[in-house]
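# Breakdown of the fold
Here is how the chains run, residue by residue.
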Amino acid sequence: MADKVIPPEELAKVDYNPGSRDWMDPTVEFRRGIYNYGAVPASTAYLGQPFSKKWQPIDDDWQLPDNWEEIIRNGFKERLDKYRSLKVFMDICVRCGACADKCHFYIGSGDPKNMPVLRAELMRSIYRNDFTTVGKIFGKLAGGRKLTKDVIKEWFSYFYQCTECRRCSVFCPYGIDTAEITMMGRELLNLLGLDIDWISTPAANCFRTGNHLGIQPHGFKDSVDFAVDDLEEIVGVRVDAPVNKKGAEILFVVPSADYFGDPHYFGFLGYMSLFHEIGLDYTFSTFASEGGNFGLFHSSDMMKRLNSKIYMEAKRLGVKWIIGAECGHMWRVLHQYMDTMNGPADFLEAPVSPITGTRFENASSTKMVHIAEFTADLIKHKKIKLDKSRNDNVRATFHDSCNPARAMGLLDEPRYVMNAVCNNFFEMPDNTIREQTFCCGSGSGVGTDENFEMRMRGGLPRANAVKYVQEKHDVNMLACICAIDKATLPPLLEYWVPGVEVCALHELVGNALVMKDEKKRTTDLRQEPLPGMEVTEDE
Ligand code: SF4
Ligand code: SF4
């Protein structure tokens with residue numbers, strides 16, 4: 001955690017004057033509150049990463065290997081040859097500036113190097129200098145910069161002040177995806193052993209136990225059993241929640257925070273009550289006990305390795321297809337990369353809902369359906385009974401998590417569900433939702449306590465939009481479908497918009513769901529009184 005938390009009224013005074021420093025000057029300042037801790041060597045070594053070492057960004061000496069320049073140049077060249085997109089993104093920016101004010105980190109910090117165009121330029125300038133003829137001849141005059149140790153520090157600073165949210169790409173007339181440039185920048189830094197801990201340690205945990213949190217198989221089973229007990233206490237129905245059931249029709253994959261974190265857990269109770277109610281033949285898996293994929297924030301190789309367990313486990317258990325829970329980066333990985341990276345999953349069937357008969361054509365290739373699509377389909381076919389009034393204490397808005405919204409176009413299904421389970425649903429302003437949604441400011445592995453100031457800066461535009469609906473419609477709840485959002489939006493809102501809580505979409509579904517054998521419900525899934533069930537002092 002930062003030594004001293006700057007009060008919101010101070011942090012909100014953002015200076016947008018560009019300053020006098022030449023952008024080519026790579027000098028950066030690392031101070032507490034705006035950087036992430038370096039990875040512990042045990043984790044990087046476990047992952048087989050090069051140059052594992054104990055280090056921190058505030059150290060003067062980053063202990064770079066002797067041939068660090070050669071490593072970066074070779075790594076850069078290899079990626080330019082391998083990824084056509086990187087080469088194109090290095091070449092085609094016309095510096096029109098359309099992306100300049102679209103990044104939440106620029107809006108929250110006023111730092112010009114947080115403009116997407118300039119963030120990319122930090123790498124592009126090295127590309128020009130080292131890989132283009134004009135750059136080799138004219139150097140600085142052609143926008144080229146020399147690769148120095150300070151440039152490496154600058155990359156580290158600004159590629160970890162990008163949450164790979166892709167908002168800027170929505171506005172770029174050339175479709176330049178700065179998130180992909182950031183991903184390449186981070187890959188190059190990893191070649192020098194410059195990983196951050198909140199990516200490497202969860203990834204290492206994932207290889208050891210199947211999930212980011214390092215929960216072992218029996219721990220996962222205990223968590224599920226605990227949830228079954230909780231649910232019985234709340235709704236009076238003992239649900240079946242199979243783990244590692246061979247021959248089940250569907251494998252259900254959740255992010256580990258769903259069975260561990262708050263408020264994620266209440267959505268987990270929601271899934272379990274829903275599946276029980278419709279009699280779904282499904283199973284959890286202890287090996288694929290994590291859908292989230294911190295490899296996405298590290299390197300394509302790590303992303304691929306972590307993702308592979310989902311298909312491996314689907315094969316081992318002999319399921320027909322897969323449902324994935326509420327998670328952001330899990331969906332980015334599987335929607336954009338999984339099929340070509342670890343597929344084709346020919347051993348699975350194209351998903352067909354056993355309850356409605358709907359064939360999910362959009363998932364015929366990946367064989368994996370998003371829980372919001374699945375639930376929206378159940379509601380559309382009137383297969384579940386819902387009592388919206390059970391959520392009448394909630395005045396909700398919906399945060400489009402960057403990855404489901406921009407990476408997979410999941411825009412209408414969550415809203416369809418929201419409107420079916422909640423009487424009081426209000427949208428934030430148009431330019432802050434759907435494809436243009438603002439990031440939580442803490443995605444892509446930067447949601448750490450030590451990075452608190454930068455997270456609050458990056459989350460300012462999202463918080464502003466929440467504040468708008470709080471003031472206009474008395475909104476008191478922000479629903480979302482991403483595990484990182486559920487972990488990092490609560491402190492963000494507590495900081496900028498006190499009085500607004502965060503929930504999972506399926507928490508609201510679970511509250512509204514009327515189960516056939518339920519007892520008289522008095523509490524919601526948080527075990528707080530349902531509307532009208534509050535106990536007064538007289539009682
Ligand atoms: S991807 Fe998101 S965080 Fe990164 S530069 Fe673009 S808008 Fe900013
Ligand atoms: S919008 Fe695209 S072309 Fe224009 S400055 Fe940004 S990245 Fe370059």
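Refer to the structure presented above.
## Side note on the overall build of the protein
Per the secondary structure count, the protein includes 22 helices and 7 strands. Scaling as 2.2 N^0.38, a compact globule of 539 residues should have a C-alpha radius of gyration of about 24 Å, and the protein matches this with 24 Å. The principal-axis extents of the C-alpha atoms in the protein amount to approximately 75 × 55 × 40 Å. Put simply, the protein has 539 residues, and 62% of those count as buried. Of all intrachain contacts in the protein linking residues separated by at least 6 positions in sequence, the fraction that spans at least 24 positions is 77%.

## A word on the site of ligand 2
Taken together, Cys93, Val94, Arg95, Cys96, Gly97, Ala98, Cys99, Val117, Cys172, Pro173, Tyr174 and Ile176 make up the full set of residues near ligand 2. Looking at side-chain class alone, the shell around ligand 2 contains 10 nonpolar, 1 polar and 1 charged residues.

## Quick look at the site of ligand 1
In the vicinity of ligand 1, the contacting residues are Cys103, His104, Pro116, Arg119, Cys162, Thr163, Glu164, Cys165, Arg166, Cys168, Thr178 and Ala179. Of all the secondary structure elements, the ones that give two or more residues to the shell around ligand 1 are helix H6 (116–131) and helix H10 (178–191). When grouped by side-chain class, the residues that make up the shell around ligand 1 number 6 nonpolar, 3 polar and 3 charged.

## Side note on the nonpolar core
Counting residues in each nonpolar core, the largest one holds 79 residues, and the members touching the most others are Phe252, Phe268, Met272, Phe284 and Phe374. Counting residues per element, this core draws most heavily on helix H13 (residues 264–278), at 9 residues. Not counting residues within four places of it along the chain, the set of residues in contact with Phe268 comprises Val224, Ala227, Val254, Asp258, Tyr259 and Phe284. Among the nonpolar cores identified, the runner-up in size contains 74 residues, and Ile196, Tyr337, Val466 and Leu478 belong to it.

## Topic: the pattern of salt bridges
Here the structure, examined in full by the defined rule, presents 37 salt bridges. Between Arg31 and Glu29 there is a salt bridge; the shortest N-O distance is 4.0 Å. Accessibility expressed as a relative area gives 55% for Glu29, which makes it exposed. The salt bridge partner of Glu154 is Arg145, with a shortest N-O separation of 2.8 Å. Just as Glu154 is buried, Arg145 falls in that class too.

## Quick look at the sheet that holds strand S1 (residues 250–253)
Overall, parallel pairing links the 4 strands, which are arranged S2-S1-S3-S4 in an open sheet. The open sheet is flanked by strand S2 (282–283) and strand S4 (368–370), the only strands paired with a single partner. Where S1 and S2 come together, 2 bridges link them in parallel fashion. Looking at S2, one finds that Ile250 is bridged to Tyr282.

## A short note on the sheet that holds strand S5 (residues 396–398)
If you trace the 3 strands from one edge of the open sheet to the other, you get S5-S6-S7, paired in parallel fashion. Each edge of the open sheet is held by one strand with a lone partner, namely S5 and strand S7 (501–504). Here the average twist between neighbouring strands, direction ignored, is 35°. In the sheet, S5 pairs with strand S6 (residues 477–480) via 3 bridges, with the strands oriented parallel. Its bridge partner being in S6, Phe398 is matched across the sheet by Ala479. The sheet strands contacting helix H18 (residues 412–421) are S5 and S6, and the helix crosses S5 at an angle near 170°. Where helix H22 (residues 505–512) meets the sheet, its contacts fall on S6 and S7, and the angle it forms with S7 comes to roughly 75°.

## Looking at the pairing of strand S3 (residues 321–324)
Burial along S3 is two-sided: Trp321 and Ile323 and Ile322 and Gly324, pointing in opposite directions, are all buried. Bridge analysis of S1 against S3 gives 4 bridges, and the strand direction is parallel. Note on S3: the bridge partner recorded for Ile250 is Trp321. Between the parallel elements S3 and S4, the chain passes through helix H15 (residues 329–341) in a crossover that is right-handed.

## Quick look at the pairing of S1
Alternating positions in S1 separate into two faces, Ile250 and Phe252 on one and Leu251 and Val253 on the other, with burial throughout. Following the chain from S1 across H13 to the adjacent parallel S2, one finds a crossover that is right-handed.

## Considering the environment of Val237
Mapped onto the secondary structure, Val237 falls in the loop between helix H12 (217–235) and S1. Judged by relative accessible area, which is 6%, Val237 ranks as buried. Setting aside chain neighbours within four positions, we find Val237 in contact with Leu231, Glu232, His276, Met515, Asp517 and Glu518.

Parameters and conventions
- Residues numbered from 1 in each chain as written.
- Chains lettered and ligands numbered in written order.
- Predicted model: local features only at pLDDT ≥ 70, side-chain atom pairs only at ≥ 80, totals over all residues.
- Heavy atoms only, no water.
- Helix = DSSP H or I, 4+ residues; strand = E, 2+ residues; numbered from the N terminus.
- Rg over C-alpha atoms; globule rule 2.2 N^0.38 Å.
- Buried < 20%, exposed > 50% of the residue type's maximum accessible area, 1.4 Å probe, protein only.
- Contact = heavy atoms within 4.5 Å.
- Near = heavy atom within 4 Å.
- Nonpolar A, V, L, I, M, F, W, Y, C, P; charged D, E, K, R; others polar.
- Core = buried A, V, L, I, M, F, W, Y, C linked by side-chain atoms within 4.5 Å.
- Salt bridge = Lys/Arg side-chain N within 4 Å of Asp/Glu carboxyl O.
- Pairing = 2+ DSSP bridges.
- Axes fitted to C-alpha atoms, helices over the stretch in contact; angles between N-to-C directions.
- Right-handed = clockwise from strand over helix to strand, strands pointing away.

Function cannot be read off these values alone, since they describe shape.
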